[in-house]
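Working through the structure, step by step
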Amino acid sequence: MNIKFLSDLSLCCKKQPILINRYPKYAAFVFFTTALLISYFPFKYAFASQWGLSISVLLIIVVLVLNALKLMTSPLTILNGILIAVIIGGMLTFLSFSAPLAAGIWTPAFLVSLYLLFPFKVAWLVALFFWLILSYSTVAQLTFDIALRLSLSSCIVLMLTTIIVKIYNDAISTAEGLATTDVLTGALNRRTMLEVLHKEHERVTRYKQQCCLVMIDLDNFKTLNDTYGHASGDELLIQFVKLVHESIRQNDTLFRLGGDEFMLVLPCLNIADAYAFVARLQKLVPQVINYKSVELGMSFGVCEMQEGETLNELIHNADTALYQNKLARKANTLL
Ligand SMILES: Nc1nc2c(ncn2[C@@H]2O[C@H](COP(=O)(O)OP(=O)(O)OP(=O)(O)O)[C@@H](O)[C@H]2O)c(=O)[nH]1
């Protein structure tokens, strides 16, 4: 198992469906071979003694093989994961009471494979459960020193896998955060905005719903930077994002486009309500964020998503509306 594989593994542990979404053929191969190898032993046992049991083991193998084949073409669902874990885990448990040494050999592979089937915490709990069962059965049947070695080796494999997957999960979360979020303010970035707009556009088109965009630009930000320094400018941006986050609904999203420019995406809101909301926010900004001699404020441009409009057109409309609002505000101050 190489490093690349583990990093993929950690990515998949966070999401449903898991690894199989990204590497269906590879995962199918893993399950297919693991299943066959593990089933070989109980099958051998059962075949010699009980026909009923051998037939059921045969059926289980068929289910596993069908599952593996299905995984070649479609993603693994959580139900599929449970089915595979129950079948392989059940076989291993059966094996641990009929041939404990063989069960001890296969246990580590099974414990690791649980991280392919389930999200991190679930995999850890299921692995712990099976480790306890298998340890109990080996201790009960084998000599103590062999049972202890088998149990400890499985335990080490389980712990190391848990640690490695956790480290990679954290690293990937950090990388994902950096890729999607503006480091200074914590608002989402432009790249994420395009993804969100794309999804919103699909929703608006398909379900004939509404969505408004508000482009925001802070007034006199440069003056603030020049008067109080860059650190104060940074502080203002942080305060502004905090204020907006406190004012918007859970469905709304704020993005920082760069500098003192932001975009608000307001799903399920008509343009009149969007105007009313942003006008309230506009009044709030100078009340909450106060820098004595610099007159702070925000200009905004609102537009509503229209069916058939491209994202570029949409952003352009918001930009134009913002430009007009900024001009009007500047004209008002000059008067
Ligand atoms: N402190 C700080 N300043 C930034 C950051 N990013 C860009 N800036 C500065 O923000 C300023 C933005 O310029 P403008 O939008 O023209 O300034 P403005 O005073 O708001 O102008 P109007 O929008 O016309 O009112 C520039 O001086 C940039 O150097 C940042 O992350 N932190």
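These numbers were taken from a predicted model, which means no experiment stands behind them.

Examining the overall build of the chain
- Looking only at helices and strands, one finds twelve helices and five strands in the chain.
- Within the chain, buried positions represent 33% of all 335 residues.
- In the chain, 69% of the contacts between residues at least 6 apart in sequence involve partners at least 24 apart.

Observations regarding the site of the ligand
- Among the 15 residues in the neighbourhood of the ligand, the closest are listed as Asp219, Phe221, Lys222, Gly233 and Gly259.
- In terms of residue class, the shell around the ligand is built from four nonpolar, six polar and five charged.

Looking at the UniProt feature "transmembrane region" (unreviewed entry) in the chain
- With numbering matched to this structure, UniProt assigns "transmembrane region" (unreviewed entry) to residues 26-43, 49-69, 81-106, 112-134 and 146-168.
- Between the end C-alpha atoms of residues 112-134 there is a gap of 15 Å, over a span that is 91% helix and 0% strand.

A closer look at the sheet that holds strand β3 (residues 253-258)
- Across the sheet, five strands lie side by side as β1-β3-β4-β2-β5; this open sheet has mixed pairing. Pairing within the sheet leaves two strands with one partner each, and these edge strands are β1 (188-189) and β5 (297-304).
- Judged from the eight bridges that link them, strand β2 (residues 211-219) and β5 form a sheet pairing that is antiparallel. When the bridges of β5 are listed, Met215 appears paired with Gly301.
- Seen against the sheet, helix α11 (residues 271-288) touches β2, β4 (261-267) and β5 and runs at an angle of roughly 170° to β5.

A few points about the packing of helix α6 (residues 120-141) against helix α7 (residues 144-180)
- The contact between α6 and α7 brings their axes to 9 Å, and the two run at 175°. One element, α6, and the other, α7, form an angle in the roughly antiparallel class. On the side of α6, the interface is formed by Phe120, Trp124, Ala127, Trp131, Leu134, Ser135, Thr138 and Val139, while α7 contributes Phe144, Ala147, Leu150, Ser151, Ser154, Cys155, Leu158, Thr162, Val165 and Asn169.
- Here the residues of the contact of α6 with α7 sort into twelve nonpolar, six polar and no charged.

Concerning the pairing of β2
- Burial of β2 is extensive: nine of the nine residues sit out of reach of the surface.
- Strand direction decides the pairing type here: β2 and β4, joined by seven bridges, are antiparallel. By the bridge assignment, Met215 is partnered in β4 with Met263.

What about the environment of Leu83?
- Considering the arrangement of structural elements, one finds Leu83 in helix α4 (residues 78-98).
- Leu83 sits 34 residues away from Leu117 along the chain, and the two C-alpha atoms are 9.8 Å apart.

A closer look at the nonpolar core
- Of all hydrophobic cores here, the largest spans 36 residues; its most connected members are Leu213 and Val214.
- Sorting elements by how many residues they give to this core places β2 first, with seven residues.
- When near neighbours in sequence (up to four residues on either side) are disregarded, Val214 contacts Leu264, Leu266, Ala274, Val278, Phe300 and Val302.
- Formed by 25 residues, the second largest nonpolar core is a distinct cluster that contains Ala85, Trp106, Val126 and Ala127.

A word on the environment of Phe277
- On the secondary structure map, Phe277 appears in helix α11.
- With 20 C-beta atoms packed within 10 Å, Phe277 lands in the buried category.
- On a C-alpha basis, the gap between Phe277 and Ile248 in space is 8.8 Å, while along the polypeptide they are 29 residues apart.

The rules behind the values
- Residues numbered from 1 in each chain as written.
- Predicted model: local features only at pLDDT ≥ 70, side-chain atom pairs only at ≥ 80, totals over all residues.
- Helix = DSSP H or I, 4+ residues; strand = E, 2+ residues; numbered from the N terminus.
- Buried ≥ 20, exposed ≤ 12 C-beta atoms within 10 Å, placed from the backbone.
- Contact = placed C-beta atoms within 7 Å.
- Near = placed C-beta within 6 Å.
- Nonpolar A, V, L, I, M, F, W, Y, C, P; charged D, E, K, R; others polar.
- UniProt positions renumbered as here; feature names shortened; annotations may be inferred.
- Pairing = 2+ DSSP bridges.
- Axes fitted to C-alpha atoms, helices over the stretch in contact; angles between N-to-C directions.
- Parallel < 35°, antiparallel > 145°, perpendicular 65-115°, else oblique.
- Core = buried A, V, L, I, M, F, W, Y, C linked by C-beta atoms within 7 Å.

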